[in-house]
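For reference, the chains in residue letters:
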Amino acid sequence: MAKNNLTLGDLSPRDHAFYGLVWAGSTLSARVDQALARRHDLPLSWFEVMLWLQAQPEPVAPSDLGAMTLLSRSQVSRVVDSLQARGLVERIPSPTDARSVRIALTGAGRRAYAEADATRRETLAEVFDDLLDDEDIAALEAVWAKLKARPKE
């Protein structure tokens with residue numbers, strides 16, 4: 001069977017840029033997800049929650065995790081349940097509200113995150129880091145900053 005050369009047709013530069021962002025995000029996310037699952041039995045959604053937790057000096061509210069990740073509130077709850085079952089996070093009673101909990105990485109969670117992050121970096125080296133110079137990274141950072149600054153609807 002002959003291979004078809006598919007094309008997006010005559011897209012405007014803005015449409016092409018948008019689909020480029022979609023392609024890059026999907027492709028890189030899938031690559032990292034596969035590597036994390038294969039080496040650590042850790043889906044990308046779990047890694048994302050761990051990424052935010054590892055950077056916080058104090059345990060965080062689940063609602064704060066939901067606001068920062070690309071996950072819904074119920075997805076965050078399921079991910080936290082799964083991470084807790086593996087001993088990677090703990091739920092800590094809130095010091096200000098007896099009905100609430102806060103989430104924190106355990107020592108094992110910090111070690112698992114560090115190992116998974118090394119895998120993420122290795123996975124992206126050839127297809128991201130090695131292809132982009134400091135000017136490219138600065139340009140991407142400027143684009144992301146503009147897109148993130150847009151008020152949420």
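So, how was this worked out
- Residues numbered from 1 in each chain as written.
- Predicted model: local features only at pLDDT ≥ 70, side-chain atom pairs only at ≥ 80, totals over all residues.
- Heavy atoms only, no water.
- Phe/Tyr/Trp six-rings, centres within 6.5 Å; stacked < 30°, edge-to-face > 60°.
- Buried < 20%, exposed > 50% of the residue type's maximum accessible area, 1.4 Å probe, protein only.
- Helix = DSSP H or I, 4+ residues; strand = E, 2+ residues; numbered from the N terminus.
- pLDDT = per-residue confidence, 0-100.
- Core = buried A, V, L, I, M, F, W, Y, C linked by side-chain atoms within 4.5 Å.
- Patch = residues over 30% accessible without salt bridge, like charges linked within 9 Å, V, L, I, M, F, W, Y side chains within 5 Å.
- Areas by Shrake-Rupley, 256 points an atom, 1.4 Å probe, with all protein chains shown as cover.
- Salt bridge = Lys/Arg side-chain N within 4 Å of Asp/Glu carboxyl O.
- Expected span 1.5 Å × (residues − 1).
- Bend = angle between axes of the 7 residues up to and from the residue.
- Contact = heavy atoms within 4.5 Å.
- Axes fitted to C-alpha atoms, helices over the stretch in contact; angles between N-to-C directions.
- Parallel < 35°, antiparallel > 145°, perpendicular 65-115°, else oblique.

Time to look at the packing of aromatic side chains. Summed over the entire model, instances satisfying the criterion amount to two aromatic pairs. Aromatic pair Phe18 and Tyr19: ring centres 5.0 Å apart, planes at 70°, arrangement edge-to-face. Relative accessible area serves as the criterion here: at 46%, Phe18 is assigned to the partly exposed category. Here the aromatic rings of Phe47 and Tyr113 are separated by 5.3 Å at their centres, their planes lie at 15°, and the arrangement is stacked. With a gap of 66 residues between them, Phe47 in helix H2 (residues 44–54) and Tyr113 in helix H5 (residues 107–129) connect regions that are remote in the sequence. In this structure, Phe47 and Tyr113 share a single accessibility class: buried.

So, on to the confidence of the model for the protein chain. Counting all residues, the mean pLDDT for the protein chain is 91, and 96% of those residues have values of 70 or more. Ranking the helices and strands of the protein chain by mean pLDDT puts H5 first, with 97, and helix H3 (residues 62–68) last, with 88.

Looking now at the nonpolar core. Counting 22 residues, the largest nonpolar core has Leu42, Val49, Met50, Leu53, Leu65, Leu83 and Val89 as the members making the most contacts within it. Elements represented by at least two residues in this core include exactly helix H1 (13–40), H2, helix H4 (73–85), strand E2 (101–105) and H5.

This next bit is on a nonpolar patch on the surface. A grouping of Leu8, Phe18, Tyr19 and Val22 is seen on the molecular surface, where their side chains present a nonpolar patch of about 400 Å² in accessible area. Along the polypeptide, Val22 turns up in helix H1.

This brings us to H5. The terminal C-alpha atoms of H5, which comprises 23 residues, lie only 29 Å apart, well short of the 33 Å expected from a rise of 1.5 Å per residue. The largest bend along H5 measures about 35° and falls at Thr123. Taken as a whole, H5 has its buried residues at Gly109, Tyr113, Ala116, Asp117, Thr119, Thr123 and Leu124. In this structure, the buried side of H5 is in contact with H1, H2 and E2.

The next point concerns H1. Taking 1.5 Å of rise per residue, 28 residues should cover 40 Å, and H1 covers 39 Å from first to last C-alpha, within 8% of that figure. For H1, the set of buried residues is Val32, Ala35 and Leu36. Where H1 is buried, its residues meet H2 and H5. Two residues or fewer after H1 comes Asp41, characterised by a positive phi angle close to 50°.

It is worth spelling out the pattern of salt bridges at this point. Scanning the entire structure with this criterion turns up six salt bridges. As a salt-bridge pair, Asp41 and Arg86 come within 4.0 Å of each other at their nearest N and O atoms. Of the two residues, Asp41 sits in the loop between H1 and H2 while Arg86 sits in the loop between H4 and strand E1 (89–93), which places them 45 residues apart along the sequence. By relative accessible area, which is 39% here, Arg86 ends up partly exposed. Between Arg99 and Asp97 there is a salt bridge, and its shortest N-O distance comes to 3.3 Å.

A word on the packing of H2 against H4. Two elements in contact, H2 and H4, have axes separated by 10 Å at closest approach and are oriented at 85°. Looking at the two axes, H2 sits roughly perpendicular to H4. On H4, the residues that touch Ser45, Trp46, Val49 and Met50 of H2 are Val79, Ser82 and Leu83.

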